[in-house]
Amino acid sequence: MPLGAVAADVPSGGHGVTNAFGDTSVPDMPQRVVTLYQGATDSAVALGITPVGVVDSWLEPPMYRYLREALDGVVHVGLETQPNLEKIAWLDPDLIVATRFRHQRVRPLLEAMAPTVASESVFDFKASLRLLAKATGREARARALLHDWDARVADFRRRIRRALGDAWPQRAAVVRFKSDHVRIYSTGFAGSILDELGFEQPSSVQDQGWGMKLTSEENIPVIDADVIFVLLEPDDPAIARNYRHWRSHPLWQRLNAVRHDRVFEVDAVNWIMGGGILAANAMLDDLYAHYGLTPPASSCAAPDEEAVAC
C-alpha cells in the first residue's frame, strides 16, 4: 500500500489530544492502535488495549517476556528507532502512538497514515500512560493505575525509612555492564523512580546529564554509593565476563556498597527497558524484595475494566 494513499481521516465524533506533536484530533474510541516505543506498548497493555502493531523490544526479542501473553499474535513493525512504515500503513491504524525523541523525522509520514500523538520522552511512564489514556478514552483507568502507584510509593517510603532509620536516605548507583565498558545512570526511567522513592544520587553523577560511560577500571570509585543496582543481560557471555573482571578489581572491593553487601543484580527490562507503568511496578517489586519489605496488595494490578473503580 503506497504511503501517500493512506489518509488520516478522523470521524466527526473525535476529540483533541495535546501532545508533543501539537494538538491532534483522534477518534473517540480508536480500535487499531500502533505503538512505536516500549513505554507506549507497556501502557497499552496496562490500559487493557491490544495494539494491532508494536515495535520490537530491545532485549528478549521479539517482545519482553512480561508482555508476551498479552501481545500474542500482534504484528511487529520493526525497530523503535526505525519503524517499518509500509507495514504500519498495511495495518490501517486509526491511532499511532510515537515519541518526538525518536520519530520527529518521520512525523509527516506517520500523520499521513493515521492521527499520531507523541510523548516528549521515552522514559516518562506517567506521561505515556496519560497520553494513551486521553487518546483512547481510558482516563479513569489511568487515574486508578496512578493512584495505586502513588499509594505504593508512599508505602515504600514509609517502610524503608522505618527499616533503615538514620541510614536513610541512601545514595543509589544504577550501573549497567556492557561488553567493553560500564555505564552509570543518573536520569532516565530508573533514575526518576529512585528519585521519587527518596533515594539520592552519588555525587559523581550529579549534573552529568544521562550519566557517565566508564571505560577503565580506574574509574571504579565513580560508582561509590550506599547501594549499587547492577543491570545485567544474562544471555550475553561477553557482558558476564566484563562484570566478573570489574568485580575482581581491588578498587571494586573498596566500594561502600560492596563492603556492606549492598550490591543487587536487577532485571534490565524492569529497570530501564520496559518504560511503562507495568515495568515501574516490577522495579518497585524488586526494591521491596531487595530490602526485605512486604509490598502492599495492588488494587489495580490486572488490566481489566472492573479495576477502574479501585
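Coordinates for the structure precede this section.
Description of the structure in this document. Quick caveat: nothing in here was measured; it's all calculated off a predicted structure. (Residues numbered from 1 in each chain as written. Predicted model: local features only at pLDDT ≥ 70, side-chain atom pairs only at ≥ 80, totals over all residues. Heavy atoms only, no water.)

Moving on, we come to the overall build of the protein. Across its full length, the protein holds 13 helices and twelve strands. Principal-axis analysis of the C-alpha atoms gives the protein an extent of 65 × 40 × 35 Å. Within the span of the protein, comprising 310 residues, buried residues form 51% of the whole. Sequence-distant contacts in the protein: of pairs separated by 6 or more residues, those separated by 24 or more amount to 67%. As displayed, the protein offers around 14100 Å² of accessible surface, 49% of which is attributable to carbon and sulfur atoms. (Helix = DSSP H or I, 4+ residues; strand = E, 2+ residues; numbered from the N terminus. Buried < 20%, exposed > 50% of the residue type's maximum accessible area, 1.4 Å probe, protein only. Contact = heavy atoms within 4.5 Å. Areas by Shrake-Rupley, 256 points an atom, 1.4 Å probe, with all protein chains shown as cover.)

When the terminal C-alpha atoms of helix α6 (residues 125-136) are compared, their 16 Å separation across twelve residues agrees well with the 16 Å that a helix rising 1.5 Å per residue should span. Within α6, nine of the twelve residues are buried, leaving the element largely enclosed by the surrounding structure. Every buried residue of α6 is listed here: Phe125, Lys126, Ser128, Leu129, Leu131, Leu132, Ala133, Ala135 and Thr136. (Expected span 1.5 Å × (residues − 1).)

Attention now goes to the sheet that holds strand β12 (residues 263-267). The strands that make up a sheet pair up through hydrogen bonds in the backbone, lying either parallel or antiparallel. Strand order in the open sheet made by the five strands is β10-β9-β8-β11-β12, with mixed pairing throughout. Edge positions in the open sheet fall to β10 (211-214) and β12, since each of these has one partner strand only. Neighbour-to-neighbour, the strand axes of this sheet turn through a mean angle of 25°, independent of strand direction. The pairing of strand β11 (residues 227-232) with β12 spans five bridges and is classified as parallel. Residue pairing across strands places valine 230 opposite glutamate 265, the latter belonging to β12. (Pairing = 2+ DSSP bridges. Axes fitted to C-alpha atoms, helices over the stretch in contact; angles between N-to-C directions.)

This brings us to the packing of helix α7 (residues 139-164) against helix α8 (residues 188-197). Contact geometry for α7 and α8: axes closest at 9 Å, N-to-C directions at 60°. The orientation of α7 with respect to α8, classified from their angle, is oblique. When α7 is examined against α8, the residues Trp149, Asp150, Val153, Phe156 and Arg157 are found in contact with a partner set consisting of Ile193, Asp195, Glu196 and Leu197. Here the contact of α7 with α8 is built from residues that sort into five nonpolar, no polar and four charged. (Parallel < 35°, antiparallel > 145°, perpendicular 65-115°, else oblique. Nonpolar A, V, L, I, M, F, W, Y, C, P; charged D, E, K, R; others polar.)

Once that is clear, we can look at the pairing of strand β2 (residues 22-26). Pairing analysis gives five bridges linking strand β1 (residues 15-19) to β2, with the strands arranged antiparallel. Paired with histidine 15 across the two strands is valine 26, which belongs to β2. Here β1 folds back onto β2 in antiparallel fashion, the turn holding two residues.

This brings us to the pairing of strand β9 (residues 182-185). Across four bridges, the pairing between strand β8 (residues 172-177) and β9 is antiparallel. Looking at the pairing, phenylalanine 177 lines up with valine 182 of β9. The antiparallel hairpin formed by β8 and β9 contains four residues in its connecting segment. Here β9 runs beside β10; their pairing, made up of four bridges, is antiparallel. Bridging across to β10, isoleucine 184 finds its partner in methionine 212.

Its place among the elements puts aspartate 42 in helix α1 (residues 38-46). As a C-alpha pair, aspartate 42 and leucine 67 span 25 residues in sequence and 7.4 Å in three-dimensional space. Not counting residues within four places of it along the chain, the set of residues in contact with aspartate 42 comprises Tyr66, Leu67, Gly274, Gly276, Ile277, Leu278 and Ala279. Of the polar contacts made by the side chain of aspartate 42, one reaches the backbone nitrogen of isoleucine 277; its length is 3.1 Å. Within the local environment of aspartate 42, its side chain forms a polar contact with the backbone nitrogen of alanine 279, the two atoms lying 3.0 Å apart. (Polar contact = N/O pair within 3.5 Å; in protein donor to acceptor, adjacent residues only side chain to side chain.)

So, about the pattern of salt bridges. Enumeration over the complete set of coordinates arrives at ten salt bridges. A salt bridge links glutamate 196 to lysine 126; the nearest nitrogen and oxygen atoms lie 2.8 Å apart. With glutamate 196 in helix α8 and lysine 126 in helix α6, the pair connects residues that are 70 residues apart, well separated along the chain. Among the ionic pairs, arginine 152 bridges to aspartate 285, the shortest N-O distance being 2.5 Å. In this pair, arginine 152 is assigned in helix α7 and aspartate 285 in helix α13 (residues 277-290), connecting sequence segments 133 residues apart. The class of aspartate 285 is partly exposed, set by a relative accessible area of 37%. Put simply, Asp155, Arg158 and Arg159 are held in one network by salt bridges that share partners. (Salt bridge = Lys/Arg side-chain N within 4 Å of Asp/Glu carboxyl O.)

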